[in-house]
Every structure is written in C-alpha cells, then in structure tokens.
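Survey of secondary and tertiary structure
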Amino acid sequence: MASSSLFSTCPLQGPVSAPKTMKCYRDFLTNYSSLFKQSSDTRSHSRVLFSVKSISWEQRGRLLPRNRVQCQAPDVDNKPSILVGNKFQLDDVIEAQQFDRDILTAIFEVTREMEKVEKNSPRSQILKGFLMATLFYEPSTRTRLSFESAMKRLGGEVLTTENAREFSSAAKGETLEDTIRTVEGYSDIIVMRHFESGAARRAAATASIPVINAGDGPGQHPTQALLDVYTIEREIGKLDGIKVGLVGDLANGRTVRSLAYLLSKYEDVKIYFVSPEVVKMKDDIKDFLTSKGVKWEESDDLMEVASKCDVVYQTRIQRERFGERTDLYEEARGKYIVDGAVLGVMQKHAVVMHPLPRLDEITVDVDADPRAAYFRQAKNGLYIRMALLKLLLVGW
C-alpha cells in the first residue's frame, strides 16, 4: 500500500511523519515493530522512536497537530522516515485505544527501571524543576497519591486540588476549558479526574501541555488499565493466551472498560463478563472486542468462571453512579463476592485483582492468600505513573 494513503507529513519540526488517524497510528507502529526486536540490548528498544510531534486529540478522536498546521501527503511511495531521538510518541494519555502493543512493551520496560530508582540517586532527580498539577473533581486516594508520589520520587513538585468540583472556581461556574487554560500557566503537566465522560479529551484539546486522564466518570481510566496489564504480566508471566474474568459493576466501571481495550492488543485472550443484570458490560465494548477477534462470554456463575480464569478482576458496585435509584444499587450489591469458596476453585497460579477501593465484594480473609494481588497491583500503579511522567516530560 502506498504510504500516501496512510501517512501525512507535518512540517512542525523538519519533515516529520504523523499518522492521520489512530488506525494509521497503530499501522505506523506495527510496520516498524521489528525495530524493537533487532537489538539484543533491551535498553535500545525504547530508544527507537517514531517522531510524532505535537499530536493532540479532537472531540471525534482524530489526531491533529496542536497548532493546526495542515498536513500534506508525501509524493513518494517510500516508507516514512524514522528519526532516532528521545521524544515519547504521545502528547497526552487520554484513553486505552492510544496504545499499541509495542508501546506497551516499551512502557513496561521503563516501568521496571522505575522500580529500581533509589532515593537520592541521580535518577531520582530526572524531573527536578517540573511541576505537576492534579485536578481531581471526584474523590481519589490511590490514584492521586500515587501520581503525587511518582512526581516527587523523580524530583518534581506538585500543585494539588483534592475536590475541585466544590473547592475550585468550577463551583462558581467556570468552564473546564478556562480552568485548563489557567492551570497550564502554572504547571508542566496536568493530571485530571472528572465526573463527566469525555472531559479528559476536552482538556487535552485545550491544553498546550500534556494531560493525563486519571478517570473521567464512567468513561475510561487508562493509567489504571496500564498498571493492571503490567500486574497481570508480572503475576501470571504472560499476556497472550490468558483468560480474564471481569466481575461486578461493568456498566459504570471505567477500569474494566479500559482494561478490555488493552487486553485486545494480545493474542488468544478470552474475557468473561460476570455482573448483575443492571450493570452488565455495555455493547460498545462487546462490539469492539468482537471486531478485534477477541473471544468473550457473559456468565452468571462466578464459581465456574473463577475455575477457568488466570485473573479474577473484581470491582465494587458504584453507588455514586445510581443517583436516586438506590433500589437498583441494592439489587446489584452483594450478588458476586470473592471469598474463600471462590479461592477454592481457582487455579494455583491464578490471581485476584481489584482496582480498589473495595467494600464487601472481596472478603478480608482473602487478603492472606498469595493469590490476592490487589495491594501489589496498587503498588505497581506508582511505578507505571513514574514511567508515564518521565516519558511525557523528558522522553525515553
């Protein structure tokens, strides 16, 4: 296929090849995935970069230059140029669909390096002089603290607001766009959690600095999905050929949506959906998985699914998403609980994961079982977020 049908050249920093759509972006990376495999030195893998300069999200999910420079198709059929440098491929982290399998592999390599960063070492100062602003319009413990810890462990500083919905100018009616334009003047990167699906994409389209989606309503939570996949690889030892049971509030759970998108990048994966009727997985995720050839199955038998799976990914029923329909919440709550009986049918190598916080959907006696991976999972979030902050602010 001629390159002109897939790629366009944006004169933003010399002749730079930039994909016009996410499909093209994935194809672009796939065409050159072999470059990550040509060297036996793993440190060099993540240094082979595809220069995608100043790309940002639009409302319809397209990628365009931030300064709206018109792209022109190349008039030759040669492969787009590959520049060796240190620029991360993404300007923002908004949704799981942004990530190619090769990028995931490279991010996980950096994450493993982050686990080795020691206090007061030179690598613990790589973000010195950078400021991160956390804008959280919804409550958070692990996500906000892990981002702030990640920034500080790499020498950076933090500007934070814990409940921006009530204790910021949003309470006075300020638009999200105006807030972003203001905060970007004080910081180098914005980490935002919002109660509206799609808010992170709006923020990224407005900002001229990187934006990380730390959860947008029932939409997505891409950094949680990254740490989940990283945890699965660490715990199970592989990502291809696994079976994953997603349990609980699948209609409102942004973590399971993002995780489903990332799992679709791997081969021979099967996903089981186990949930009360009122919070079943939405059709858009099921249709997406089908379009990617990913096998999925809905079940109301947690014991049977748990006996088959490598990962049982439990989630809480999210009361805050039901509004005044407390009757529906009570109908869903407590139907599927991971306890000693569920552990009894699970395989020895399998693990129980949970994005936390938990209520009563995993009994506390499960904590003592080595297959309970959710606190290790939470710790991995620190290292994933250290890696993302490094990559977005200083590159590979």
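Going by the structure above, here's the rest.
Described below are features of the structure shown in this document.

So, how was this worked out
- Every residue gets a number counted from 1 within its own chain, in the order that chain's sequence is written.
- For a predicted model such as this one, the threshold for reporting local features is a pLDDT of at least 70, and the threshold for listing and counting side-chain atom pairs is 80 or more; totals across whole chains, interfaces and linings nevertheless cover every residue.
- The basis for the side-chain values is all heavy atoms of the structure; hydrogens and waters are excluded.
- Under the scheme used here, helices are H or I runs from DSSP no shorter than 4 residues and strands are E runs no shorter than 2 residues, and both carry numbers assigned from the N terminus.
- Relative accessible area decides the class of each residue, using a 1.4 Å probe on protein chains only: under 20% of the type maximum gives buried, over 50% gives exposed, and in between gives partly exposed.
- We call two residues contacting when some pair of their heavy atoms lies within 4.5 Å.
- The protein chains shown are the only cover counted for residues, whose accessible areas, like all others here, come from Shrake-Rupley with a 1.4 Å probe.
- The rule for a salt bridge is simple: a side-chain nitrogen of Lys or Arg has to be within 4 Å of a carboxyl oxygen of Asp or Glu.
- For two strands to be treated as a pair, DSSP must find at least two bridges joining them.
- By arc we mean the arc of the directions from the helix axis to the C-beta atoms, nothing more.
- Only centres within 6.5 Å qualify two rings of Phe, Tyr or Trp (six-membered ring in Trp) as a pair; their planes then separate them into stacked at under 30 degrees, edge-to-face at over 60, and tilted for everything else.
- Buried Ala, Val, Leu, Ile, Met, Phe, Trp, Tyr and Cys residues form a nonpolar core when they are joined through side-chain atoms within 4.5 Å.
- Every angle, taken between N-to-C directions, lies between 0 and 180 degrees, and every axis is a line fitted to C-alpha atoms, over only the stretch in contact when it is a helix.
- Oblique is the label for any angle not covered by the other classes, which are roughly parallel (under 35 degrees), roughly antiparallel (over 145) and roughly perpendicular (65 to 115).
- Left-handed describes a crossing whose near helix is turned anticlockwise from the far helix by less than a right angle; the clockwise case is right-handed.
- Three classes are used, and their members are as follows: Ala, Val, Leu, Ile, Met, Phe, Trp, Tyr, Cys and Pro are nonpolar, Asp, Glu, Lys and Arg are charged, and the others, Gly among them, are polar.

Along the backbone of the protein chain there are 13 helices and 13 strands. Considering the protein chain as a whole, with its 396 residues, one finds that 55% of them fall into the buried category. Taking the contacts inside the protein chain whose residues are at least 6 apart along the sequence as the reference set, 73% of them involve residues at least 24 apart. For the protein chain, the exposed surface amounts to about 17500 Å²; the carbon and sulfur share of it is 48%.

By the definition in use, this model includes 23 salt bridges. Close ionic contact of Glu177 with Arg202 constitutes a salt bridge, the shortest N to O distance being 2.9 Å. Of this pair, Glu177 sits in helix H5 (residues 176–183) while Arg202 sits in helix H6 (residues 199–206), and the two are 25 residues apart along the sequence. A salt bridge links Arg257 to Asp284, with the shortest nitrogen-to-oxygen separation between them at 2.6 Å. Of this pair, Arg257 sits in helix H8 (residues 254–263) while Asp284 sits in helix H9 (residues 283–291), placing them 27 residues apart in sequence. Linked through salt bridges whose partners overlap, the residues forming this network are Glu277, Lys280, Asp283, Lys286 and Glu298.

The alternating pattern of strand E12 (residues 311–314) places Val311 and Tyr313 on one face and Val312 and Gln314 on the opposite face, and all of these are buried. Pairing analysis gives four bridges linking strand E9 (residues 243–247) to E12, with the strands arranged parallel. Within E12, the position partnered with Val247 by the bridge is Gln314. For E12 and strand E13 (residues 351–353), the ladder comprises three bridges, and the chain directions are parallel. Of the residues in E13, the one forming a bridge with Val311 is Val351.

So, about H5. Within the span of H5, buried status applies to Leu176, Thr179, Ile180 and Val183. Looking straight down H5, one finds that the buried residues subtend no more than 100° of arc, so they occupy a single side. On its buried side, H5 packs onto strand E5 (131–136), strand E7 (189–194) and H6.

What follows covers the side chain of Arg316. Along the polypeptide, Arg316 turns up in the loop between E12 and helix H11 (326–332). Discounting chain neighbours no more than four positions away, the residues touching Arg316 are Asp249, His354, Pro357, Leu359 and Glu361.

Before going further, it helps to examine the packing of aromatic side chains. As enumerated under the stated definition, the model contains six aromatic pairs in all. Geometrically, the ring pair formed by Phe273 and Trp296 is tilted, given 5.9 Å between the ring centres and 45° between the ring planes. Placement of Phe273 in strand E10 (residues 270–274) and of Trp296 in strand E11 (residues 295–299) is noted, with a sequence separation of 23 residues between them. When the ring of Tyr374 is compared with that of Phe375, the centres are 5.2 Å apart and the planes differ by 65°; the resulting orientation is edge-to-face.

Moving on to the nonpolar core. A general tendency of soluble globular proteins is for nonpolar side chains to be buried together. Counting residues in each nonpolar core, the largest one holds 68 residues, and the members touching the most others are Phe99, Ile107, Phe108, Leu246 and Leu389. Setting aside residues up to four positions removed in sequence, Ile107 forms contacts with Phe88, Phe99, Ala387, Leu388, Leu391 and Trp396. The next biggest cluster of nonpolar side chains, apart from the first, holds 20 residues, and it includes Val247, Ala306, Leu343 and Ala350.

We now examine the packing of helix H3 (residues 101–114) against helix H13 (residues 374–394). Axes are the key here: two packed helices are described by the angle between their axes and the distance separating the axes. Between H3 and H13, the least distance of the axes is 8 Å, while the angle of their chain directions is 110°. One element, H3, and the other, H13, form an angle in the roughly perpendicular class. Judged by the sense of rotation from one axis to the other, the crossing of H3 with H13 is right-handed. Contacts from Ile107, Phe108, Val110, Thr111 and Met114 in H3 reach Tyr383, Ile384, Met386, Ala387, Leu388, Lys390 and Leu391 in H13. For the contact of H3 with H13, the class distribution of residues is 10 nonpolar, one polar and one charged.

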